[in-house]
Structures are given as C-alpha cells and as structure tokens.
Amino acid sequence: MRGTTVLPGTPCTAPQEGVLPMHRLEVPMPNALPFAIGTFDTIGPMSRASFPHRHTFYEIVHVTSGTGTHVLDLARWELRPPHLCVIAPGQVHHWENAEGLDGSVVLFTEDFLLDHPGDRDLLRGFTERPWLTLNQHDHDRTGRLIADLHEEYRRGALGFESVLRALLHVLVVRTARLPAPAAPVAAPGTTRPGAVADAFGRLLGRTDPGLWSVRACAGRIGVTTGYLTEAVKAATGRTPGQLVREARAHEAKRLLAHTELTVRQVAARVGFADPAYFCRFFRRETGVSPGAFRRGTEGGPGPDGHGIHHDHRIVSIARPGPAA
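Predicted, not measured: the structure shown is a model, and the values here were computed from it.

Draft legend 1. Representation of helix 8 (residues 240-258) within the structure. Taking 1.5 Å of rise per residue, the 19 residues of helix 8 would be expected to cover 27 Å, and the 27 Å separating its terminal C-alpha atoms lies within 8% of that figure. Counted residue by residue, helix 8 has 14 buried out of 19 residues, so it is predominantly covered.

Following this line, the structure appears as structure tokens:
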C-alpha cells in the first residue's frame, strides 16, 4: 500500500499539532520486502514506545517476559506473559511502565499478504480480541514458529520470501484458532457481496474522514450505495450507515483518550463542522458526552505530554544480506 513504507534515512516529518504519530516501516529500497522481524532490542526503542501512536503496518508481538501495561485503543492489558498480541494498521497503542519487556516483534504491511489474501480477514478479526494469554503448549509452538521466521529472514537464502509468507500464514491461522473471550473469527466471504463487504471494512479501518460516508465508500469500491447496503447487511447483519457511525465514534474516542485536542478539534478530525452536533452524535453513540468520556478514560495523555508527540517516528530494522 502506498505510503506504508519508507527508505532508511527518510527525514521525519512533524505531524500537525494533536495528530498522533504514524510509524512506517523502513525498507532498504523501493519495492523491497515489506516485512521485518526481531526482538524488542533489535527492532529498537520504538517497539517499546510509551507514547500513543499508530502504524501503517501490522504488528504481531510475542511477549515472553516483562511487567507493565499495554494500552491498545481504549483497552488496557496487564502483562502476565506469555502473550500474543495483534495490532492492526490505524489502531492506537503504547506501553505503560514496561519493565523487562522481552519477546519477538513481527512487522509487515498488507502487501506482504499477497499469497494468502484471506489472512487480511483473520487479522482484522483480531481488532475484537487483540490480546491473547498463551498456555505453555501454545507458547512453545508459537516460539518455534517465530524462530523459524526469524531464521529465514536473517539468512535471506534462495526462496526465503515465499517461505516467510508461508510461515506468516501459518502463524496468522494458528493465532486465529487460539481461544479468547470474544467469539471466534467468522470465515471470510468468497462471494461478490462478501468481497464488497470486506472492501468496505478495509476502508473504514483507514480512519480517513473523506471515507466516512456510505456514498464515498461505495464510490471508492465502485458499486452503488444500494448494492453496498445489501452486501454489508448480508455479511454483517448491520447497515453501512451503522458501521460508519461506529467507526467515527471509535476514532473520536481514540483522539479524546490519547491526545490533548479540544472537543472542537476532535469534532473537526472526525468530520463534524459543528461541535454541538458532534457532541449530540457522540452522546447518542456512546451514552456520555465527549468531556465526560475524556475525564473517565484511563490511560489518557499524562503530564509529560506523551498524548501529543511532535515528530514523525519511523520503525526501522536492518536485515543482513543473503547467506553465502
């Protein structure tokens, strides 16, 4: 996806005031492999970032030790390793009071799922259950699989790209099988309506205010609003309008919880020119006012200003050359 990766050494661009930093994945050359794997130490300090930020890529984290809290969107997860966590593009996350944090980090863009496009559906399903506590068997098996991924990536031997994609596919599918409090991920649709509903979900996940209307999404997908409504309702049991309102409310929650933007500024960021109308919308969708939500949210911006970071951070990892 365009803009999800950058070349090493690309200058950091300061975001607008109040905008959450967006991390992109560094790759050594244009069209290079949009994939990286390493430990928290080899990936670098951004893998332990203590300030709220987003990614343009997926991140799978296998936590093997450490204490503290992982904040993902509006949920707080206490560390009691071993854990497996899936962070999707556009989600907001950071680590709080993390000490002794260790494990493996797998980074990749949607482009890397070329061989297994169905994995996109499984990965999006983790937004409802992103944090998994592993039993010893699943922890050991996950560790072995990630070690194989790491070895393939490190060696860069003949055919390593296809092996990486295959191993990542196994990791995604096995992770989807793990028990969690939420309902299991539904099988992705294979029909034309299923594909349209899938495309609609991807557009909403991009948190682009220009796409927060049913008409705009239908135009981007290339279908009529009527067909989009039928397809989405058949696939999810809900209307596109309901899902758009939910996406706008969720993005507003993220901004209220993780930035120091005023309510007026948050309203503008989620497409409301009239703050009063935004407040009515927010109360209708959440049951509380924006101000009450912010006051009651744990893990919001602290006194050190981490709710607003004025530089554009880039996640980087260098891969050694191919094995001899």
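Draft legend 2. Fine view of the nonpolar core. Membership of the largest hydrophobic core comes to 45 residues, with the highest contact counts inside it found for F35, I60, W95, F108, L123, L164 and L168. In terms of residue count, the dominant contributor to this core is helix 4 (residues 160-177) (seven residues). Among all residues touching I60, those that are not within four sequence positions of it are L84, C85, V86, S104, V105, V106, F108, L168, L171 and V172. Among the nonpolar cores identified, the runner-up in size contains 32 residues, and L203, L211, A218 and A231 belong to it.

Draft legend 3. Main features of the pattern of salt bridges. This model, assessed by the stated rule, comprises twelve salt bridges. A salt bridge links R254 to E251, with the shortest nitrogen-to-oxygen separation between them at 3.2 Å. Of this pair, R254 and E251 both sit in helix 8, separated by three residues, roughly a single helical turn. Neither residue differs from the other here; R254 and E251 are each classed as buried. Among the charged side chains, a salt-bridge network with shared partners connects R54, D73, E251 and R254.

Draft legend 4. Representation of the packing of aromatic side chains in the model. Going through the model one piece at a time under the given rule, you end up with ten aromatic pairs. When the ring of F272 is compared with that of F281, the centres are 4.9 Å apart and the planes differ by 40°; the resulting orientation is tilted. Summarising the burial analysis for this pair, F272 and F281 share the class buried. By the ring-pair criterion, three or more aromatic residues cluster together here, those being F272, Y277, F278, F281, F282 and F293.

Draft legend 5. Structural detail: the pairing of strand 7 (residues 83-87). Burial of strand 7 is extensive: five of the five residues sit out of reach of the surface. Alternating residues of strand 7 divide into H83, C85 and I87 and L84 and V86, and every residue in both groups is buried. The pairing of strand 5 (residues 58-72) with strand 7 spans five bridges and is classified as antiparallel. Bridge pairing in strand 7 links V61 to C85.

So, how was this worked out
- Residues numbered from 1 in each chain as written.
- Predicted model: local features only at pLDDT ≥ 70, side-chain atom pairs only at ≥ 80, totals over all residues.
- Heavy atoms only, no water.
- Helix = DSSP H or I, 4+ residues; strand = E, 2+ residues; numbered from the N terminus.
- Expected span 1.5 Å × (residues − 1).
- Buried < 20%, exposed > 50% of the residue type's maximum accessible area, 1.4 Å probe, protein only.
- Core = buried A, V, L, I, M, F, W, Y, C linked by side-chain atoms within 4.5 Å.
- Contact = heavy atoms within 4.5 Å.
- Salt bridge = Lys/Arg side-chain N within 4 Å of Asp/Glu carboxyl O.
- Phe/Tyr/Trp six-rings, centres within 6.5 Å; stacked < 30°, edge-to-face > 60°.
- Pairing = 2+ DSSP bridges.

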